[in-house]
Amino acid sequence: MRDTPWLRKSEPLVISAGAIAVALALFGLFCAIAGANPFGVYGSIYTAAFGSSSRIQGTLILASPLMLSALCTALPARLGLVIIGNEGALVVGGVGAVAMGLSLGTSLPPLLVQTLMAIAGMVAGGVWIGIVGALRHYRAVNETISSLLMNYIAIALLNHLVGGPMRDPSSLNKPSTFPLAAANMLGNLPGTRIHYGLIFGLVACGVAYVLIQRTTFGFAARTAGGNVRAARIAGLPVGRLAVTICFLAGACAGLAGMVEVAAVHGVANESLNAGYGYGGILVAFVARHNPLAAALIAVLVGGIVGSGGILQRTHSLPDATVLIFQGIMFLTILYSDSLYGKLAFFREQPVDIPPDPTPAAVETTV
Amino acid sequence: MTTASVSASDVISPPDLEVVNMTKQFGSLVALDHVSMHLKPGTFHALLGENGAGKSTLVKCIMGFYQPTSGDVLVGKRSREIASPKDAHQYGIGMVYQHFTSVPAMTVAENLVLSRFDPSVMIRWQEERDRLQAFMDQAPFQVDLEVPVAQLAAGQKQKLEILKQLYLNSRILILDEPTSVLTPGEADEVLGLLRQEVTNGRLSVLMISHKFREVMTFTDEVTVLRKGKFAGHGLVKDLTIADLSSMMLGEAREPKIVDKVITTADRPVLEFTDIHANKDNGLPAVRGTSLTVYSGEIVGIAGVSGNGQRELVEVLSGQRSPTTGTVVVNGTPYGATRSEMFHNGVFSLPEEPLRNACVPHMSVAENMALRTFDRPPQSKGSFLRLGSIRQMANRLIQQFSVKTPTPETPISHLSGGNVQRAVLARELSSDQINLLIAANPCFGLDFSAVEFIHGQIVAARNRGVAVLLVSEDLDELLSLADRIVVMSDGEFVYESAIADADLSTIGQRMAGH
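Q: Even after reading the chapter, I still don't get the overall build of chain B, so can you show me in this structure?
A: When its secondary structure is counted, chain B shows 17 helices and 22 strands. Here the C-alpha radius of gyration of chain B, 25 Å, is about what a compact globule of 513 residues would show, namely 24 Å. Counting all 513 residues of chain B, 53% fall into the buried class. When contacts within chain B are restricted to residue pairs at least 6 apart in sequence, long-range pairs at least 24 apart make up 68% of them.

In structure tokens form, the structure reads like this:
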């Protein structure tokens, strides 16, 4: 038996990159059918996303909520849960943050208000997905379905609040809450137009990585995610782990909602529900639920999201074309999951060491 | 249906089957090395060998699951290309697997119709029923056609698997350890009926077996494999058990007598009272069992699989909640939480360790740290100390001779015996061990691995550990246990010190008498 760790580690990289390349090719085909030059489109997307310093900044602004919202799928995935309630957690997080910000007003120093807004957003999002985890563990409700449905509840809740109890009467066309005090808004990184949300996103991804890979909590979560029977035999509190990790996941998405209201919109309204949640699911899957990879992929996806306008202007493709690209990419990534262990190149050894069902081929040669 | 497909098979005699110089390589591993074998028409032939000797590979090559690297399969004296089980079926060869392949929710009749290789789009049930009934009337044994398979006992299910092959007109039956899930009584019945079919010239049977008793009683000829090579062949009537054993193992090996020291079993470690638990489907599996296990003794629980042992073990090891009943360890109530496990020194050797006690895609080192990762020195505060985890893994790998390329290799890449050793290392290396719950710890392992594991379990007992050993292998229990309990239909129906144990009573209790 030989063991080649680099080969094992390169497998996800090669397969993911391959899936993205296939997605690009298929998207090119789609553009060609729609009457645009695929290579022109690729070029435009690149230019729109990374063509200049200003555009890179725009991409990073889009990437920050994606990083946070991706963690909402990536963290529970390590425990074997498929959570897609990112959008809902983001929305309730935004509402929670606004409620906190408005109730505090300017009574406290801005830094303190911002901190409390962030905590409010995280708690709101955390409880939202925590409910999903509890339903899963205590009532065996499928977490994917319940988190999906919780999205609709969250959006309905948002619409209800901004249309009723929390409505600012002066917001006519687009019902919104009262705006946050300007002093309480998150500022920009010095010398850029990138808000501090990017730092939140990067820190959250780093912390999530350390949490999963380097702490006893992460070890327990990975054990329970890899084999719940083994976790039980080791006495690990599987239910508490599930609820906790769902809470943390929701808290990340909730923080994304806080960033959106406190750095971008200044109010909570239907703009919160702009697809960062769903984009986050894509980011998490492409990153294979690795938080560090998610930070990078979020930038990539942020760039693609931001290039909708340019496709409309220069290639007369509808700006929803980028959603098609995201959809294709999602499908190829999901498909590529089935390739693990199937590519001969990555085989460490003939895995199909044959005979008896619980064999010990090595043993007999002792 | 394919009735007239084999030239050599008229209605009376099954075809002749010969394997000539077959070699099968998997990468660098030679699983079969120039093996030849001859199954004469109308004979009952046993294929013997240790785990990993190549028996399953050989029959899978015959069945077309694997393509041999070189060598021939001759059916009816003519070389045949067998590319898939469907081809094998064309030549009248059918295989009965170790594990049941019927759909539990469907009836026997539905399963039989389903098993055909060429089901038509429409099923005319009336006709099918008549035909099945006619088939069943002249089959060597009968199973009720209208009963869902889930309600059949293991022996009945095994009969159904064989009936399926007869229904498909297989004239050569290949049986892969057909009796591993049956009581001795059921095994004798099934094999006896097959023996009759063979004697009447209607079938040839090739049976993979580990059980010398069955080989001696029911078969005509035996071919022995050892480490992928042909190791011997002969007529059973010319051979003794000692001959078979020396062919199989290379030299005659006496099973090692385990050295038990005398311990005073006086301190109760595990006490459970009136435990009830359900199966996954909500039906009761354990119906009110009570037992006390003292320090320094091994209590064996015997029984045919499926009588509640698995659920009982799951309750005790924390994988299943009991519906009622109490578990007390070291005098305090025990709920199988991690801190209770740690403070009371409770460890488990579950069956199928890869499924029950390991995280397949995590590394050997991480799996070995499953009990200790949240305590110093492997963690500091909430943080893991990867160096310390690796260090312990290296020590355990050496101490328990686990064959792994590196501690970082995913544990699912290891062979079954080495996964078992890794789990054993984790569960038995602690100084704190006080109670060990083991379930079929040697299932499917070969001689040397079994000996090693038995030695470790007895060594633990000699140190004063209380051991609860659940096993389907009666010989294992008789050689290891100090006290034996028989479990049948969810209850304990027999208990005796090992010295006073009466084998025939145990057998009857196991079979529910």
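Structure's up, so let's keep going.
Q: Please explain the sheet that holds strand 14 (residues 324-329) of chain B as it appears in this structure.
A: What links the strands of a sheet is backbone hydrogen bonding, and the strands pair in either a parallel or an antiparallel sense. Residue and element names in this part refer to chain B. As summarised here, the arrangement of the 4 strands in space is 12-11-14-15, forming an open sheet in which the pairing is antiparallel. Each edge of the sheet is formed by a strand with only one pairing partner; in this case those strands are strand 12 (284-294) and strand 15 (332-333). Relative to strand 15, strand 14 runs antiparallel, the two being bridged by 2 bridges. Looking at the pairing, Val329 lines up with Thr332 of strand 15.

Q: Quick question: what am I supposed to make of the packing of aromatic side chains here?
A: Here a ring pair, both rings aromatic, is described through the centre-centre distance and the interplanar angle of the planes. Residue and element names in this part refer to chain A. Across all of its chains, the model carries 10 aromatic pairs over all chains by this definition. Plain terms: the ring middles of Phe285 and Phe330 are 5.5 Å apart, the flat faces sit at 50° to each other, and that makes the pair tilted. Residue Phe285 is found in helix 11 (residues 276-286), and its partner Phe330 is found in helix 14 (residues 321-336); the two are separated by 45 residues along the sequence. Looking at Phe285, the relative accessible area reads 17%, which means it is buried. Taking relative accessible area as the criterion, Phe330 reaches 24% and is therefore assigned partly exposed.

Q: For this particular structure, what's the right way to read helix 4 (residues 125-137) of chain B?
A: Each turn of an α-helix holds 3.6 residues, which means side chains three or four residues apart point in the same direction. Given a rise of 1.5 Å per residue, 13 residues ought to cover 18 Å, and the 18 Å separating the end C-alpha atoms of helix 4 of chain B matches this to within 8%. Considering only its buried residues, helix 4 of chain B is in contact with helix 3 (108-114) and helix 5 (154-167) of chain B.

Q: Mind showing me how you'd approach the pairing of strand 11 (residues 268-278) of chain B here?
A: A regular strand places its side chains so that they alternate between the two faces of the sheet. Residues and elements named next belong to chain B. Across 8 bridges, the pairing between strand 11 and strand 12 is antiparallel. Bridge pairing in strand 12 links Pro268 to Tyr294. Taking the residues that link successive antiparallel strands as the turn, the strand 11-strand 12 hairpin has 5 residues, and the phi of Gly282 there is positive, at about 90°. Relative to strand 14, strand 11 is paired through 5 bridges, and the arrangement is antiparallel. Bridge pairing links Glu271 to Val328 in strand 14.

Q: What am I meant to see in the pairing of strand 9 (residues 221-226) of chain B here?
A: Residues and elements named next belong to chain B. Most of strand 9 is tucked away: 5 of the 6 residues are buried. Note that strand 3 (residues 44-48) and strand 9 share 4 bridges and pair parallel. Counted as the bridge partner of His45 is Glu221 from strand 9. Bridge count for strand 9 against strand 10 (residues 229-235) is 6 bridges, and the pairing is antiparallel. Across the sheet, residue Arg226 finds its bridge partner in strand 10, namely Lys229. Linking two consecutive strands that pair antiparallel, namely strand 9 and strand 10, is a turn of 2 residues; a positive phi of about 50° is found at Lys227 within it.

Q: What should I look at first to understand the domain arrangement of chain A in this one?
A: When the parts come together, some accessible area is lost, and that loss is often what is quoted as the size of the interface. Residue and element names in this part refer to chain A. The assigned domain composition of chain A is domain 1 (1-36 + 317-366) and domain 2 (62-316). Both sides together, the interface formed by domain 1 and domain 2 hides about 1500 Å², and carbon and sulfur atoms give 74% of it. Viewed at the interface, domain 2 and domain 1 are joined by 1 salt bridge. The closest approach of N and O atoms between Arg288 and Asp337, which form a salt bridge, is 2.7 Å. Of all the secondary structure elements, the ones that give two or more residues to the side of domain 1 that touches domain 2 are helix 1 (5-33) and helix 14. The element contributing the most residues to the side of domain 1 that touches domain 2 is helix 14, with 8 residues. By residue class, the composition of the side of domain 1 that touches domain 2 is 12 nonpolar, 3 polar and 2 charged.

Conventions used here
- All residue numbers refer to position in the chain's written sequence, counted from 1.
- In the order they appear in the text, chains get letters beginning with A and ligands get numbers beginning with 1.
- Two thresholds apply to this predicted model, a pLDDT of at least 70 for residue-level local features and 80 or more for giving and counting side-chain atom pairs, whereas whole-chain, interface and lining totals are computed over all residues.
- To obtain the side-chain values, all non-hydrogen atoms of the structure were used and water was disregarded.
- Under the scheme used here, helices are H or I runs from DSSP no shorter than 4 residues and strands are E runs no shorter than 2 residues, and both carry numbers assigned from the N terminus.
- Both definitions apply: the radius of gyration is a C-alpha atom measure, and the globule rule equals 2.2 Å times residues to the power 0.38.
- When accessible area is computed with a 1.4 Å probe and restricted to protein chains, residues below 20% of their type maximum are described as buried, those above 50% as exposed, and intermediate ones as partly exposed.
- In this analysis, two residues are considered to be in contact whenever any of their non-hydrogen atoms come within 4.5 Å of each other.
- DSSP calls a pair of strands paired once it identifies at least 2 bridges connecting them.
- Pairing of aromatic rings covers Phe, Tyr and the six-membered ring of Trp, with a centre-to-centre limit of 6.5 Å; geometry is then stacked below 30 degrees between planes, edge-to-face above 60, and tilted otherwise.
- The span you would expect from a helix comes to 1.5 Å times its residue count less one.
- Those domain boundaries reflect an automatic or database domain assignment.
- When two parts are brought into contact, each loses some accessible area as probed by a 1.4 Å sphere; the total of that loss over both is the buried area.
- Between Lys or Arg on one side and Asp or Glu on the other, a salt bridge is scored when a side-chain nitrogen of the former is within 4 Å of a carboxyl oxygen of the latter.
- Nonpolar residues are Ala, Val, Leu, Ile, Met, Phe, Trp, Tyr, Cys and Pro. Charged residues are Asp, Glu, Lys and Arg, and all others, Gly as well, are polar.

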